[in-house]
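The residues making up each chain are set out below.
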Amino acid sequence: AQSVAQPEDQVNVAEGNPLTVKCTYSVSGNPYLFWYVQYPNRGLQFLLKYITGDNLVKGSYGFEAEFNKSQTSFHLKKPSALVSDSALYFCAVRDFSGAGSYQLTFGKGTKLSVIP
Amino acid sequence: DAGITQSPRHKVTETGTPVTLRCHQTENHRYMYWYRQDPGHGLRLIHYSYGVKDTDKGEVSDGYSVSRSKTEDFLLTLESATSSQTSVYFCAISDTGTSEWETQYFGPGTRLLVL
């Protein structure tokens, strides 16, 4: 079975400081990893994904994430946080290993608050 | 929201009544999904479809059924609504044959309250 853990329910960061939102995963095969962002009363918006290749993935709005196979992690990062980055962030994993492999498993989400 | 609409956007219903939520896409994507979002649980897959009339169960399918008679429409039915089905429901789509086929795109959501 595949699973995702987002160990922090909330992350607070000052505007202009770097931010990190943590994600660890567990799959039996090779992982496909995703980050989504949700603004209040909106659907989820795709930020970035890791499928294969370079471990550092760049995505929308200046976000990036680093895939670390040995630590089974896929942390989301941004060099300089904006107040407008305040939202709920979800990490998701898909185990590309056959039956049921279309199923994304989501973490419980991390609320990011960027303080002016 | 990637050419995905959901209807209704808000609904209040009573325990024991049937409820149908609709997801409509204009992207001609093959795969469609229904998730529910609850605090402390993230998103959980209810059912998904991999083509017209082809559906399968997800993690939390009990009490729900789905139908897909056309590529563009995916219906979620709560056969007899219960208070535990109060939630926000999201539809998502994804496609095959392109570099984006692994990515799911989400609709705006339907907020359901079962009294």
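Everything discussed here concerns the structure shown above.
None of the values given here were measured: they were computed from a predicted structure.

A. Spatial organisation of the overall build of chain B. Looking only at helices and strands, one finds zero helices and eleven strands in chain B. Residue pairs at least 24 apart in sequence account for 56% of intrachain contacts in chain B once pairs closer than 6 positions are excluded. Total accessible area computed for chain B in this model is approximately 5200 Å², and 49% of it derives from carbon and sulfur atoms. Of note, chain B has its 11 positive side-chain charges centred 5 Å away from the centre of its 14 negative side-chain charges.

B. Quick peek at the overall build of chain A. Helix and strand content of chain A: zero helices and twelve strands. Secondary structure elements in chain A, listed N-terminal to C-terminal, are β-β-β-β-β-β-β-β-β-β-β-β. A compact globule built from 116 residues would reach a C-alpha radius of gyration of about 13 Å, and chain A, at 14 Å, matches this within 12%. Along the first, second and third principal axes, the C-alpha atoms of chain A reach 45 × 30 × 20 Å. For chain A, restricting intrachain contacts to residue pairs at least 6 apart in sequence, the fraction spanning at least 24 positions comes to 57%. By element, 50% of the accessible surface of chain A is carried by carbon and sulfur atoms, the whole surface being about 5500 Å². Each charge sign in chain A was given a centre, from 10 positive and 8 negative side chains, and these centres are 5 Å apart.

C. View of the interface of chain A and chain B. Contacts between chain A and chain B engage 22 residues on the former and 26 residues on the latter. Roughly 1900 Å² is buried in total at the junction of chain A and chain B, and carbon and sulfur atoms are behind 53% of that figure. The interface formed by chain A and chain B includes zero salt bridges. Run the count over chain A and chain B and you get four residue pairs in polar contact (both at pLDDT 80 or more).

D. Molecular detail of unusual backbone geometry. Between S7 of chain B and P8 of chain B the backbone carries a cis peptide bond, its omega angle lying at -10°. By the element assignment, P8 of chain B lies in the loop between β1 (4-7) and β2 (10-13). With a phi angle near 45°, T72 of chain A is a residue other than glycine that sits in the positive phi range. With respect to the secondary-structure elements, T72 of chain A resides in the loop between β8 (64-68) and β9 (73-78).

E. Summary view of the sheet that holds β1 of chain B. Residues and elements named next belong to chain B. With antiparallel pairing, four strands are arranged side by side in an open sheet as β1-β3-β8-β7. For this open sheet the edge positions go to β1 and β7 (64-70), each flanked by a neighbour on one side alone. Taking each pair of neighbouring strands and ignoring which way they run, the sheet shows an average axis angle of 20°. Relative to strand β3 (residues 19-25), β1 runs antiparallel, the two sharing four bridges.

F. Spatial organisation of the side chain of T110 of chain B. Residues and elements named next belong to chain B. Among the structural elements, T110 can be located in strand β11 (residues 110-114). For T110, a relative accessible area of 0% puts it in the buried group. Polar contacts involving the side chain of T110 include one to the main-chain carbonyl oxygen of P8, which spans 2.6 Å. Not counting residues within four places of it along the chain, the set of residues in contact with T110 comprises Q6, S7, P8, R9, L21, S87, V88 and Y89.

G. A look at the packing of aromatic side chains. Under the counting rule described, the total for this entry stands at 16 aromatic pairs over all chains. Here the aromatic rings of Y36 of chain A and F106 of chain A are separated by 5.9 Å at their centres, their planes lie at 50°, and the arrangement is tilted. Here Y36 of chain A is found in strand β5 (residues 31-38), whereas its partner F106 of chain A is found in strand β11 (residues 105-106), with 70 residues between them in sequence. Neither residue differs from the other here; Y36 of chain A and F106 of chain A are each classed as buried. Centre to centre, the rings of Y36 of chain A and F106 of chain B are 5.3 Å apart; their planes meet at 85°, and the pair counts as edge-to-face. Here the residue Y36 of chain A occupies a position in strand β5, and F106 of chain B occupies one in strand β10 (residues 105-106), the pair thus bridging two chains. Across this residue pair, the class does not change: Y36 of chain A and F106 of chain B are buried. What links up through ring pairs into an aromatic cluster is the set F34, Y36, F46, F90 and F106 of chain A together with Y33, Y35, Y48, Y50, Y105 and F106 of chain B.

What counts, and at which threshold
The numbering scheme is per chain: residues are counted from 1 as the chain's sequence reads. Whichever chain is written first is A, and whichever ligand is written first is 1; the rest continue in order. Note on the predicted model: pLDDT of at least 70 is required for a residue's local features to be given, and 80 or more for side-chain atom pairs to be given and counted; whole-chain, interface and lining totals, by contrast, use all residues. Values shown for side chains rest on all heavy atoms present in the structure; no hydrogens or waters enter the calculation. Here a strand is any run of E in DSSP of at least two residues, a helix any run of H or I of at least four, and the numbering for each starts at the N terminus. Residues are treated as being in contact if the distance between any of their heavy atoms lies within 4.5 Å. Computed by Shrake-Rupley with a 1.4 Å probe, the accessible areas treat only the displayed protein chains as cover when residues are assessed. Neither His nor the chain ends is counted toward charge; the positive residues are Lys and Arg and the negative residues Asp and Glu. For charged residues, the charge sits on one atom: NZ in Lys, CZ in Arg, CG in Asp, CD in Glu. Only C-alpha atoms enter the radius of gyration; for comparison, a globular chain is expected to reach 2.2 Å times N to the power 0.38, where N is the number of residues. The term buried area denotes the loss of accessible surface (1.4 Å probe radius) that occurs when two parts are joined, taken as the sum for both partners. Counted as salt bridges are all cases of a side-chain nitrogen of Lys or Arg within 4 Å of a carboxyl oxygen of Asp or Glu. Pairs of N or O atoms are called polar contacts if they sit within 3.5 Å, as long as, within protein, a hydrogen donor faces a hydrogen acceptor (for residues adjacent in sequence, only side-chain-to-side-chain pairs). Strands pair, by our definition, only if DSSP identifies at least two bridges between them. Each axis is a line fitted through C-alpha atoms, taken for helices only over the stretch in contact, and angles between the N-to-C directions span 0 to 180 degrees. The cut-offs for exposure are 20% and 50% of the maximum accessible area for each residue type, with area from a 1.4 Å probe on protein chains only; residues under the lower value are buried, those over the upper are exposed, and the others partly exposed. Aromatic rings from Phe, Tyr and Trp, with only the six-membered ring used for Trp, were paired whenever their centres fell within 6.5 Å, and each pair was classed as stacked if the ring planes differed by under 30 degrees, edge-to-face if by over 60, and tilted otherwise.

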